[in-house]
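# Close look at the chain arrangement
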Amino acid sequence: MATLYLVRHGQASFGAADYDQLSALGVQQAQALGQYWQNRWPEYWQEQQLGFAQIWRGSLKRHQQTLAGICPQANAQVTSRLNEYDSEAIIHAVLTKQAQELPPLGTPAGYKAHFQVLRTGLQAWIEGQLAPEGMPSFAQFRAGIAEVLDEIRSTHGAENQARILVVSSGGPIATAVMHLLGAPASSMIDLNYQIRNTAITTLQVSKHKLSLSGFNHLPHLDTPDKAAWITST
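To keep things clear, this report deals only with the structure shown in the data block. (Residues numbered from 1 in each chain as written. Predicted model: local features only at pLDDT ≥ 70, side-chain atom pairs only at ≥ 80, totals over all residues. Heavy atoms only, no water.)

Before going further, it helps to spend a moment on the pairing of strand S4 (residues 163–168). Of all six residues in S4, six are buried, a share of seventy percent or more. Covered by surrounding structure in S4 are Arg163, Leu165 and Val167 together with Ile164, Val166 and Ser168, the residues of both alternating faces. Strand direction decides the pairing type here: strand S1 (residues 2–8) and S4, joined by six bridges, are parallel. Counted as the bridge partner of Thr3 is Arg163 from S4. (Buried < 20%, exposed > 50% of the residue type's maximum accessible area, 1.4 Å probe, protein only. Helix = DSSP H or I, 4+ residues; strand = E, 2+ residues; numbered from the N terminus. Pairing = 2+ DSSP bridges.)

Now the structure itself:
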C-alpha cells in the first residue's frame, strides 16, 4: 500500500498586493517540513526527492515556493487542478450581488468581515447559486481534484511502501477529504478553515481506493520554539 501526503502551502502574504507569495515565515515553515522529512528518511535525502515516487503541485507561486522550501531540487508534475479557488472572485461576486462593501482589510473588523463574506460565498458557490467570474463551478473544481487522486491511485496503488507528495491549498485538500469521506459538499468549508500552513493530510493508497489516515498534522512544528510558527493564512 502506498502513502499519499497532501501538504498545504506555507503562509502566504495575506493583505499584501500579491497574496500568492510566501511570507518569510511561510518559507521557514516549508523548510522545517523538509528538514523533518530529511531527518526521518535520511537514506533518501541525496536523491533530492525525499524518497517520493512522485511529486505533484498546483501551478500557483505559493505551491512552487513551498515545494522549493521542502526539497529545493524536487521535480514535480504541475497541474492547475490542484489550485485554490479564487477567494477574491468569490468575495467580489457576493459584494456585487448584495451591493455592499467591506471594511478595510487591515482592521480586525475588516479581517472578520472578509472571512464571513467568503464563507457565505463558498456556500453559495458549492450550492450552485453563485458563479464568480473566471471560476469553474464547484462540481468542476471537485471533479478536477478527484481526477488527480484517481491518477495517483491508478499509478501507485499497487506499489508497496511508495510515497507520493502533493503540494496544494486548503480548498483542494479539504475537497479531497470531503470527497473521500462521502461527506456533504458544504463540509468542505469547515475542513478548509481548519487546515494550517504546511499541515500534512495523509491518505493510504491501494489499487481500489484511497483512505484517510491523518488530517492536518504539523509534526515539524511540534516543539515549543516553533509554536508561533503555526498559522492558517
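The subject of this paragraph is the packing of aromatic side chains. Applying the stated rule across the entire model yields twelve aromatic pairs. Aromatic side chains Phe115 and Tyr193 sit 6.0 Å apart centroid to centroid with 85° between the ring planes, which places their arrangement in the edge-to-face category. Of this pair, Phe115 sits in helix H4 (residues 108–126) while Tyr193 is found in helix H7 (residues 187–194), placing the two residues 78 residues apart along the sequence. Classification of Tyr193 as partly exposed rests on a relative accessible area of 27%. With a centroid separation of 6.2 Å and an interplanar angle of 35°, the aromatic rings of Phe138 and Phe141 are classed as tilted. Taken together, the positions of Phe138 and Phe141, both in helix H5 (residues 138–156) and three residues apart, correspond to about one turn of that helix. For the pair Phe138 and Phe141, a shared accessibility class is recorded, and that class is buried. An aromatic cluster is built from Tyr5, Trp37, Trp41 and Phe52, whose rings are joined through pairwise contacts. Above the ring of Trp41, the side-chain terminus of Arg163 is found at 3.7 Å from the ring centroid. (Phe/Tyr/Trp six-rings, centres within 6.5 Å; stacked < 30°, edge-to-face > 60°. Lys NZ or Arg CZ within 6 Å of the ring centre and 35° of its normal.)

Below, the discussion takes up helix H1 (residues 24–40). Taking 1.5 Å per residue as the helical rise, H1 with its 17 residues ought to reach 24 Å, and the 25 Å between its terminal C-alpha atoms agrees with that figure. Looking at the buried residues of H1, the elements they touch are S1, helix H2 (61–70), S4 and strand S5 (200–205). (Expected span 1.5 Å × (residues − 1). Contact = heavy atoms within 4.5 Å.)

Below, the discussion takes up empty space enclosed by the protein. Take a probe with the size of a water molecule and roll it over the atoms, and the empty space left behind shows itself. The full count for this structure, using the stated rule, is one cavity of 30 Å³ or more. Computed from the structure, the largest cavity encloses a volume of approximately 70 Å³. In terms of lining residues, the largest cavity is bounded by Leu6, Leu82, Ile145, Val148, Leu149, Ile152, Val166, Ser168, Pro172, Ile173 and Ala176. Looking at the lining of the largest cavity, the elements with two or more residues in it are H5, S4 and helix H6 (170–181). No other element matches H5, which puts four residues into the lining of the largest cavity. Classifying every residue of the lining of the largest cavity gives ten nonpolar, one polar and no charged. (1 Å grid on protein atoms, 1.4 Å probe; cavity = no way out; pocket = protein on both sides within 12 Å on 5 of 7 lines; lining within 4 Å. Points joined across faces, edges and corners; volume = space filled by probe spheres on them. Nonpolar A, V, L, I, M, F, W, Y, C, P; charged D, E, K, R; others polar.)

Moving on, we come to the layout of surface pockets. Of the pockets and cavities examined, the largest pocket occupies roughly 920 Å³. Taken together, 37 residues line the largest pocket, and the ones lying closest to its centre are Tyr19, Arg62, Glu84, Tyr85 and Ser87. Those elements giving two or more residues to the lining of the largest pocket turn out to be helix H3 (87–98), H4, H5 and H7.

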